[in-house]
Amino acid sequence: MLVLARREGESIVIGEDVVVTVLGCEGGIVRLGISAPPSVAVLRQEIVQQVGQENRSACLSGRNVGGLAALRKGYRAKAATAPGRNEQR
Amino acid sequence: MKITTTGFGQPAEVEVPEGDLITFPGGIAGFEEHNRFALLREVELAPFVLLQSLSNAWTAFVAIDLSGVGQDYDLALAAADEEVLGLASRKPLVLGIVRLGEKAEDATVNTLAPVVINPDRRLGRQVIRRDEGYSLAEPLFAGAESGLATACGKG
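Cut-offs applied
Residues numbered from 1 in each chain as written. Chains lettered and ligands numbered in written order. Predicted model: local features only at pLDDT ≥ 70, side-chain atom pairs only at ≥ 80, totals over all residues. Heavy atoms only, no water. Patch = residues over 30% accessible without salt bridge, like charges linked within 9 Å, V, L, I, M, F, W, Y side chains within 5 Å. Areas by Shrake-Rupley, 256 points an atom, 1.4 Å probe, with all protein chains shown as cover. Salt bridge = Lys/Arg side-chain N within 4 Å of Asp/Glu carboxyl O. Helix = DSSP H or I, 4+ residues; strand = E, 2+ residues; numbered from the N terminus. Pairing = 2+ DSSP bridges. Axes fitted to C-alpha atoms, helices over the stretch in contact; angles between N-to-C directions. Buried < 20%, exposed > 50% of the residue type's maximum accessible area, 1.4 Å probe, protein only.

Draft legend 1. Quick peek at a nonpolar patch on the surface. There is a patch of nonpolar side chains on the surface, built from V30, L32 and I34 of chain A and spanning about 250 Å² of accessible area. One can find V30 of chain A in strand β3 (residues 29–35).

Set out below in structure tokens:
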């Protein structure tokens, strides 16, 4: 990991297109401004990790998907009894 | 194309039309190396589909089409995602990955990070919503006034 020290108002350039600016630092919280082209996603790391964790929990891994048949049955039953809904085949 | 799926429990071979073989350039979170998925849309599963990884037969997901589910699930894609998927003028397929629970009623759906597919280009990506009000594990059957099953009925 590259470690750089920046003061408020100073910036870092990443690659050709990404600029990170330290906007402020107070109470242990650093506010960062990020300039990046639309093609580059900028996300908090913990949210990406949480999504990964959720995907891993959801992965079937050969689990008995008799659960899936029950799920579909239950879903259709709910949808059919909801007001104003026509059953779709 | 014939592929192996474990989406129904034991490994099984199924025939999948070329148009349902989707490339995920970055995989999905936690499965970054899985770059190709088959979209299995058996009629008897509807409204659920299976996303079966072609890299590993044991990697499969249940998903549900979110676009038909509720008038409120409006996905404004970031320019980044539009660019990757080439979605300038085409309406994407938006799926929520479902997590099965002990019982059918425990199932949840990930509305915070939907899987977005461009059916024409056969490109897919899991995009993370930045707006509020969505969940990694939204109950599919919650209560009488909420939950996606009821939203579908009102939609």
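Let's pick the thread back up.
Draft legend 2. Representation of the sheet that holds strand β1 (residues 11–14) of chain A in the model. All names here are of chain A. Overall, antiparallel pairing links the three strands, which are arranged β1-β2-β3 in an open sheet. Two strands bound the open sheet, and with one partner strand each, they are β1 and β3. With strand direction ignored, the average angle separating the axes of adjacent strands in the sheet is 25 degrees. Here four bridges tie β1 to strand β2 (residues 18–26), and the two strands are oriented antiparallel to one another. The partner of I12 across the bridge, within β2, is V20.

Draft legend 3. Summary view of the environment of R36 of chain B. Following the sequence through the fold, R36 of chain B ends up in strand β4 (residues 36–40). As a C-alpha pair, R36 of chain B and L51 of chain B span 15 residues in sequence and 9.7 Å in three-dimensional space.

Draft legend 4. Quick look at the pairing of strand β9 (residues 115–118) of chain B. Residues and elements named next belong to chain B. Burial along β9 is two-sided: V115 and I117 facing one way and V116 and N118 facing the other are all buried. Bridge count between strand β7 (residues 93–99) and β9: three bridges; the pairing is antiparallel. Pairing of V94 across the sheet is with V116, part of β9. Two strands pair when backbone bridges link them, and β9 and strand β10 (residues 123–126) are joined in this way by four bridges, in the antiparallel orientation. Of the residues in β10, the one forming a bridge with V116 is R125. If you look at the hairpin formed by β9 and β10, you'll find four residues sitting between the two strands, and R122 has a positive phi there, around 55 degrees.

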